[in-house]
Amino acid sequence: THDADQLGDCGFDNEWQYHSKTHTHTKLSSNHINTYCGMIHKEPLLSRDAELRMAAKVHMLNVWTKEHLYLAQKLGIPKPTNKQWAASLRIPLQQFEIDLERAKQAREIMIRSNLKLVVSIASKYARNCKSSKSMMDLIQDGNIALIRALDTFDPGRQVR
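Let's shift gears to the overall build of the protein. Assigned secondary structure in the protein consists of six helices and two strands. Here the contacts in the protein between residues at least 6 apart in sequence split such that 63% fall between residues at least 24 apart. With the model as given, the accessible surface of the protein reaches about 10,500 Å², and the carbon-plus-sulfur share is 54%.

Below you can see the structure in the form of structure tokens.
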């Protein structure tokens, strides 16, 4: 489990933003952050086994996505059909569509199950660093980094 397990509503009564030009701090409303934290707090963390299963599906999706881009370039079209995509992967269309949907769901689950970790890291960063970014900006940057990391994630490297 992560430190984010204890966050609940994230414990933000207010948010402070550092303004480097004026060297002042401005108190900002934390309603948005508390609402967001309340939503993500409902998402369960994955067990190690579930995370490995999801990671394998996401990795498969990443490989298939690269093939999709290659196929589009090869055929000279912006978006190959699922039938063309499945054929290029040598997978029966019906099975491909089932596996594709499951892989997309696994990606979504992995993202959602790690959002509390993003908030935890952003919170620690905000406490320890003077940044001109608001807490919400730090969370958004963390979410983008999470998605990018997942898009290049390789479960074979045994890195969590």
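If you look at the biggest cluster of nonpolar residues, it comprises 21 residues, and the most contacted ones within it are Tyr36, Met110, Leu115, Val119, Met135 and Ile139. Of all elements in the fold, only α1 (31-40), α2 (48-75), α4 (93-113), α5 (115-128) and α6 (135-151) reach the threshold of two or more residues within this core. In terms of residue count, α6 provides more of this core than any other element does, five residues in total. Judged by nonpolar contacts, the second largest core, of eight residues, contains Trp64, Trp85, Leu89 and Phe96.

The subject of this paragraph is the packing of α4 against α6. Here α4 crosses α6 at 140°, and the two axes come no closer than 10 Å. Judged by the angle between their axes, α4 and α6 are oblique. Considering how the two elements wind past one another, α4 and α6 form a crossing that is right-handed. Mapping the contact onto sequence places Arg107, Met110 and Ile111 in α4 and Leu146, Ile147, Leu150 and Asp151 in α6. Of the residues in the contact of α4 with α6, the class split is five nonpolar, no polar and two charged.

With that settled, the discussion passes to the side chain of His68. Positionally, His68 belongs in helix α2. Here His68 is in contact with Lys79, Pro80 and Trp85, once residues within four sequence places are set aside.

What follows concerns the packing of aromatic side chains. Tallying each qualifying case throughout the model produces two aromatic pairs. Between Trp85 and Phe96, the aromatic rings sit 5.0 Å apart at their centres with planes inclined by 65°, giving edge-to-face as the arrangement. Placement of Trp85 in helix α3 (residues 82-89) and of Phe96 in helix α4 is noted, with a sequence separation of eleven residues between them. Accessibility assignment for this pair places Trp85 and Phe96 in one class, buried.

Moving on, we come to unusual backbone geometry. Even without a glycine there, the phi angle at Arg90 is positive, about 60°. Looking at the element boundaries, Arg90 is found in the loop between α3 and α4.

With that out of the way, let us pick up the pattern of salt bridges. Under the definition given, this model contains four salt bridges. Glu51 is the salt-bridge partner of Arg48, the closest N and O atoms lying 3.2 Å from each other. On the criterion of helical spacing, the pair formed by Arg48 and Glu51 is a turn pair, its members being three residues apart in helix α2. On the basis of relative accessible area, Arg48 is assigned to the partly exposed category, the value being 33%.

Residue classification places Glu51 among the buried residues on the basis of a relative accessible area of 11%. Note: C-alpha distance between Glu51 and Pro155 (104 residues apart in sequence) is 9.6 Å.

Rules and cut-offs
Residues numbered from 1 in each chain as written. Predicted model: local features only at pLDDT ≥ 70, side-chain atom pairs only at ≥ 80, totals over all residues. Heavy atoms only, no water. Helix = DSSP H or I, 4+ residues; strand = E, 2+ residues; numbered from the N terminus. Contact = heavy atoms within 4.5 Å. Areas by Shrake-Rupley, 256 points an atom, 1.4 Å probe, with all protein chains shown as cover. Core = buried A, V, L, I, M, F, W, Y, C linked by side-chain atoms within 4.5 Å. Buried < 20%, exposed > 50% of the residue type's maximum accessible area, 1.4 Å probe, protein only. Axes fitted to C-alpha atoms, helices over the stretch in contact; angles between N-to-C directions. Parallel < 35°, antiparallel > 145°, perpendicular 65-115°, else oblique. Left-handed = near helix turned anticlockwise from the far one by under 90°. Nonpolar A, V, L, I, M, F, W, Y, C, P; charged D, E, K, R; others polar. Phe/Tyr/Trp six-rings, centres within 6.5 Å; stacked < 30°, edge-to-face > 60°. Salt bridge = Lys/Arg side-chain N within 4 Å of Asp/Glu carboxyl O.

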